[in-house]
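Breakdown of the fold
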Amino acid sequence: MQKILPQTQREEPNGIEYEESVQLEAIDLIKSVIGSEYTKEEFALACEAIIASNEALKRERDYWNGINNQVKHYTPVEAWKEEIRNKFRSIPNLQTSEEWKSKVSEIMKYFIGEGTLDKNKGLLLIGEVGCGKTTIMNIFKHNPKNCYAVKSSREIASLYASEGHGVVSKYSKPLVQTFPEMFWGQTSLGLCLDDMGTESIKKNYGNGLNVVEELVLNWYDSRKFNMLHATTNLGYDDLKEAYGVRVVDRLTEMMNVIKFSAKETSKRK
Ligand SMILES: Nc1ncnc2c1ncn2[C@@H]1O[C@H](COP(=O)(O)OP(=O)(O)OP(=O)(O)O)[C@@H](O)[C@H]1O
Ligand SMILES: [Mg+2]
């Protein structure tokens, strides 16, 4: 077998043209495998192998560049919006009327400090039984501006009956939470009084109290209007009957009223 020396590699073995960089790589490769002497055939094979592997690397790079170009680079707020859309998409047999879409879109803008709703006020969702109010408030409770907990009014009233006045103090002010990094840096949570009007007056050791009414008045006094939200299927007249004019007056001062039309009927199966 005819051996050649490294200095002769710049010739073109077997008439194949190799780029100089490939030749230099081939020399290193051959040296690392068989030492400093090799045949033209070995040199040609090493060049072929290097060309093939470079092409494979290029194909891989092109492939990943293609994938990376498809991946959207979201800002945190865009990522949040996408997460909200996905939560809605995951509702089985999602129904979306034009009215529903425009209301949800306004609510989404509100929770990033945009749109026409007053950012210094909370939200009051009014609509027919089962039209989706609780679902909407649950989906938006983790948001960039004002995270909040959703608590059923009935549950709060029952807690009062069993645990007493501490429940009123607990839900009359922002709820402290200890993991701000999980809540867009927010150190306290607001509250959504869900299904207002479905609770009954509860007694704790003989003290009858409409807890929800008490909570609304306390939040009003603390002036943290944008941290209290509510949902109800009572109209204004029924709300007034349940809580009195004073409370309803305060509710509407504290909250952006979002009223779903009677056409938005129950989505319960
Ligand atoms: N847009 C929607 N499309 C399809 N189903 C929905 C939609 N929104 C909510 N739902 C489903 O409809 C049911 C009722 O929704 P939800 O409890 O949110 O209504 P609600 O208005 O709060 O009712 P209620 O007045 O009785 O409190 C739930 O099972 C929920 O998953
Ligand atoms: Mg509800």
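Before any of the text, the structure's been laid out above.
Structural notes, computed from the coordinates.

A few points about the environment of Asn120
Along the chain, Asn120 falls in the loop between helix 4 (98–110) and strand 1 (122–126). The class of Asn120 is exposed, set by 10 C-beta atoms lying within 10 Å. With 107 residues separating them in the primary sequence, Asn120 and Met227 have C-alpha atoms 8.8 Å apart. With residues near it in sequence (within four places) discarded, Asn120 still touches Phe225 and Asn226.

Quick look at unusual backbone geometry
Phi is positive for Asn93, close to 50°, though the residue is something other than glycine. Within the secondary structure, Asn93 is located in the loop between helix 3 (76–89) and helix 4. Classification of Asn93 by C-beta neighbours within 10 Å gives exposed; the count is 6. Positive phi, close to 55°, is recorded for Trp184, a residue that is not glycine. As for its placement among the helices and strands, Trp184 is situated in the loop between strand 3 (175–176) and strand 4 (188–194).

Digging into the site of ligand 1
Lining the immediate surroundings of ligand 1 are 18 residues, of which Gly132, Lys133, Thr134, Thr135 and Lys267 lie closest. Split into classes, the residues belonging to the shell around ligand 1 amount to four nonpolar, 10 polar and four charged.

Quick look at the pairing of strand 1
Along strand 1, four of the five residues are buried, which leaves the element largely enclosed by surrounding structure. Relative to strand 8 (residues 255–259), strand 1 is paired through five bridges, and the arrangement is parallel. When the sheet's bridge partners are listed, Ile126 is paired in strand 8 with Lys259. Note: strand 1 against strand 7 (residues 228–232), three bridges, orientation parallel. Bridge assignment links Ile126 to a residue of strand 7, and that residue is Thr232.

About the criteria used
- Residues numbered from 1 in each chain as written.
- Chains lettered and ligands numbered in written order.
- Predicted model: local features only at pLDDT ≥ 70, side-chain atom pairs only at ≥ 80, totals over all residues.
- Helix = DSSP H or I, 4+ residues; strand = E, 2+ residues; numbered from the N terminus.
- Buried ≥ 20, exposed ≤ 12 C-beta atoms within 10 Å, placed from the backbone.
- Contact = placed C-beta atoms within 7 Å.
- Near = placed C-beta within 6 Å.
- Nonpolar A, V, L, I, M, F, W, Y, C, P; charged D, E, K, R; others polar.
- Pairing = 2+ DSSP bridges.

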